[in-house]
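# Summary of structural features
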2 protein chains.
Amino acid sequence: MRKPKIVVLGAGYGGLMTVTRLQKLIGGNEAEIILVNKNEYHYETTWLHEASAGTLHHDRVRYNINKVIQRNKVQFVKATVEEIKFDKQQVILDNGEIDYDYLVIALGSDSETFGIQGLEKYAYAITNVNAARQIREHIEYQFATYHNENEKNDDRLTIVVAGAGFTGIEFLGELTNRIPELCKEYDVERSKVRLVCVDASPMVLPQFDRDLVNYATSLLESKGVEFYPGTIVQQVKEDSVLICKKGEDQLQEIKCGTVIWSAGVRGNCIIEKSGIENMRGRVKVNHDLRIPDKDNVFVIGDCSLIINQESNRPYPPTAQIAMQQGEVCAKNLVKLVHGQDNLESFVFDDKGTVCSLGEDDAIGVVFGKKIKGSSASIMKKVVDNRALFMVGGTSLVLKKGKFKLF
Amino acid sequence: MRKPKIVVLGAGYGGLMTVTRLQKLIGGNEAEIILVNKNEYHYETTWLHEASAGTLHHDRVRYNINKVIQRNKVQFVKATVEEIKFDKQQVILDNGEIDYDYLVIALGSDSETFGIQGLEKYAYAITNVNAARQIREHIEYQFATYHNENEKNDDRLTIVVAGAGFTGIEFLGELTNRIPELCKEYDVERSKVRLVCVDASPMVLPQFDRDLVNYATSLLESKGVEFYPGTIVQQVKEDSVLICKKGEDQLQEIKCGTVIWSAGVRGNCIIEKSGIENMRGRVKVNHDLRIPDKDNVFVIGDCSLIINQESNRPYPPTAQIAMQQGEVCAKNLVKLVHGQDNLESFVFDDKGTVCSLGEDDAIGVVFGKKIKGSSASIMKKVVDNRALFMVGGTSLVLKKGKFKLF
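Definitions and cut-offs
Residues numbered from 1 in each chain as written. Chains lettered and ligands numbered in written order. Predicted model: local features only at pLDDT ≥ 70, side-chain atom pairs only at ≥ 80, totals over all residues. Heavy atoms only, no water. UniProt positions renumbered as here; feature names shortened; annotations may be inferred. Phe/Tyr/Trp six-rings, centres within 6.5 Å; stacked < 30°, edge-to-face > 60°. Buried < 20%, exposed > 50% of the residue type's maximum accessible area, 1.4 Å probe, protein only. Helix = DSSP H or I, 4+ residues; strand = E, 2+ residues; numbered from the N terminus. Lys NZ or Arg CZ within 6 Å of the ring centre and 35° of its normal. Contact = heavy atoms within 4.5 Å. Buried area = accessible area lost by both parts, 1.4 Å probe. Salt bridge = Lys/Arg side-chain N within 4 Å of Asp/Glu carboxyl O. Nonpolar A, V, L, I, M, F, W, Y, C, P; charged D, E, K, R; others polar. Pairing = 2+ DSSP bridges. Right-handed = clockwise from strand over helix to strand, strands pointing away.

In the annotation of an unreviewed UniProt entry, the entry for chain A reads FAD-dependent oxidoreductase, and the organism field reads Heyndrickxia camelliae. Regarding chain A, the relevant UniProt record gives this comment under Sequence similarities (unreviewed entry): "Belongs to the NADH dehydrogenase family." UniProt, in the comment section headed Cofactor (unreviewed entry), describes chain A in these words: "FAD".

In structure tokens:
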């Protein structure tokens, strides 16, 4: 008898959690499990701001997928997904095609650019390992170039971060640690460097209480970050950003050497290409994480959309929700393979959120309690290490975890 | 009675050697010594290829001038020289002016660009610490960009070195060590990277015997360097170099991400601006290193021109000759201050030359004997350490010297 074939697309938080749980819950004879991913490594999306700022080497934010999968149970295929053909139960890859009985779509998000002119060409987005190390090198190159030009151009040293959400603020936090190092490395005075944060929203980090946000902005301002809230990016040019105050017409130009775009993500374009009903690449999934009208297809992680019943708004895409979905998805796949139809419903258990503000500082809400300062920073490292533990156990934590030696 | 004022322009090999010898030979009451330099540090020009390739950190190739001068005898002025007014015995600086009784011009060389189109705009020259670290960062940025583009552009990974003289060959030697590291860092296959060396001359390193040169080119070719001898660079573009075989019209385009220009230097432009008779910024000096018709002005180092009586051609500008000139210049300054007119004649004592081919290999001629391989490589480190010793004694060698720990 042919074993059912489970194909998981994407080895991010959701996909990799699904596979690592699945390999524990299911026998090797019960199902064929195939994991498809673009790279041979998984990366910690929530750590990319550190690799981008250059405060953590990019090899520290990724690990080889083969290190955490049981290769007697799971087959890893390195490939890029090009299309999903639901009618044929088939996935088209850049290097072949693959049939499935059960499919898990965990392809992550794309950057949302809102059609802003020049954005794709001139701005950098903190999206993956390749992007992160390019950002690090771009900023280093700007600093290295400064003293090698006949006319010193201070604008080269201005970094504009568009987007005061999680990624933007965490990146700025790392930059405030990194800039003094870059100044030393390239003989630049700190006063020459400008860090600017622009966001359309009137306040940064809208998900947090005002007193936590004030703590965060005061801290970053004290380290030289200039905030432009309620400000829209109209255009990105090679050496500047055009902004305007919301509701006003007056354009202002900020000359700069680097523009980082961190103002939002959308679901994966593969979702849109594959003809499933979606909202900006995200699919509203059933309680059991399957998609309407398709009993053998799950969507989890950033491509899925689940409404928070309390606020009546979608939960934002986070690593935490993706990992919890992966756990439920794995259990439900086992039930389906076993011919059971009492699938588990997914309920998000919000354990809290911590936003890092650089090496030693953070703000957060954990188990309903507000925290800030060094205790929040320690909690952030706990959260980061927990993600490693969930996928790869103690050995992965020891290899890639974040520890501070006192 | 007013002390005579000795002004030394430039803290390269020649200027710094002059000053450090002078401070040993002359009493603090006998003369005022002023050293003018653009940066507060001296750098080892002959090590810049390593900093450019990224095999040695740029802080290892420079040291603070204040560490090697006796500040009770020598006053250091950080300034850029703009002009020399011989009639007024005055030097115009970017931040003031300075009178002299005796002047030593040791301003080093400028890059010789031969008016090639696009060269200044798009090519990088290994000229100083600022340039070296910019080259390192530029190459790293090319590698970092490779995997972050939708269409992979292998040409980004091609590095063209124009000039197969000392600097070009030594830089290529370092690159052959550095490229595998960059490939690992940025997940690039070694086979994607091209290293190309173009030179107008029919042979590389014309100053060496053919069997040494064959050793060098075979070694570099075995590590992937492609040589285009007898080939002229016609134009440098943003992403390519146009070359043609000497004596032919047919242009060939080499697509590339980096062009390094190492095909020659000329004397300093200040020499030309100041109206002294010169050949491409170099002044033919008298035997005592003074310039014709000016009894109180010495020119040493790359700005000076001395004919090799054997070959009837000028000695090439090297650190070795500059340092030997600095020693004689210091002695002659002391004689002038003491009112003696029996100045010493400079005779170049060629101790040999070693050309590095990367970390563990080199070719050279030392005390008339040809050497190659690891023994030559060890000798190269001896030569490098000797330059430090001559200026700053044992303590500088221990701080900045090159040692290999077996």
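Picking up where we left off.
Before going further, it helps to examine the packing of aromatic side chains. All names here are of chain A. Considering all chains together, one arrives at 8 aromatic pairs over all chains under this definition. An angle of 55 degrees between the planes, with centres 6.4 Å apart, marks the rings of Y41 and Y43 as tilted. Judged by its relative accessible area of 8%, Y41 falls in the buried class. Each ring, one from Y315 and one from F348, has its centre 4.9 Å from the other, and the planes form 75 degrees; the classification is edge-to-face. Highlighted residues: Y315 in the loop between β25 (313-314) and α8 (319-337) and F348 in the loop between α8 and β26 (352-356), separated in sequence by 33 residues. As far as burial versus exposure is concerned, Y315 and F348 are alike and both buried. A cation over a ring is seen here: K402 above W47, with NZ or CZ 4.0 Å from the ring centre.

This part covers unusual backbone geometry. The phi dihedral of Q89(A) falls on the positive side, at around 50 degrees, and the residue is not glycine. For Q89(A), the location among the structural elements is in the loop between β6 (81-85) and β7 (90-93).

With that settled, consider the interface of chain A and chain B. With 22 residues of chain A at the interface, the matching set in chain B holds 22 residues. The contact between chain A and chain B buries some 1,900 Å² in all, and 37% of this surface belongs to carbon and sulfur atoms. Considering only the side of chain A, the residues that lose the most area to chain B are Q134(A), E137(A) and Y141(A), jointly responsible for 29% of the buried surface there. Run the count over chain A and chain B and you get 6 salt bridges. Note that D187(A) is salt-bridged to R133(B), the shortest N-O span being 2.9 Å. Considering each element in turn, the side of chain A that touches chain B owes the most residues, 11 residues, to helix α4 (residues 129-146) of chain A. The class makeup of the residues in the side of chain A that touches chain B is 6 nonpolar, 9 polar and 7 charged.

Now for the pairing of strand β2 (residues 32-37) of chain A. Note on strand geometry: in a regular strand, side chains alternate between the two faces of the sheet. Residue and element names in this part refer to chain A. Within β2, 5 of the 6 residues are buried, which leaves it mostly tucked inside the rest of the structure. As defined by bridge partners, strand β1 (residues 5-9) adjoins β2 across 5 bridges and the pair is classed as parallel. Paired with K5 across the strands is E32, a residue of β2. For the segment spanning β1, helix α1 (residues 13-25) and β2, crossover handedness is right-handed. Relative to strand β5 (residues 74-78), β2 runs parallel, the two sharing 5 bridges. Within β5, the position partnered with N37 by the bridge is K78.

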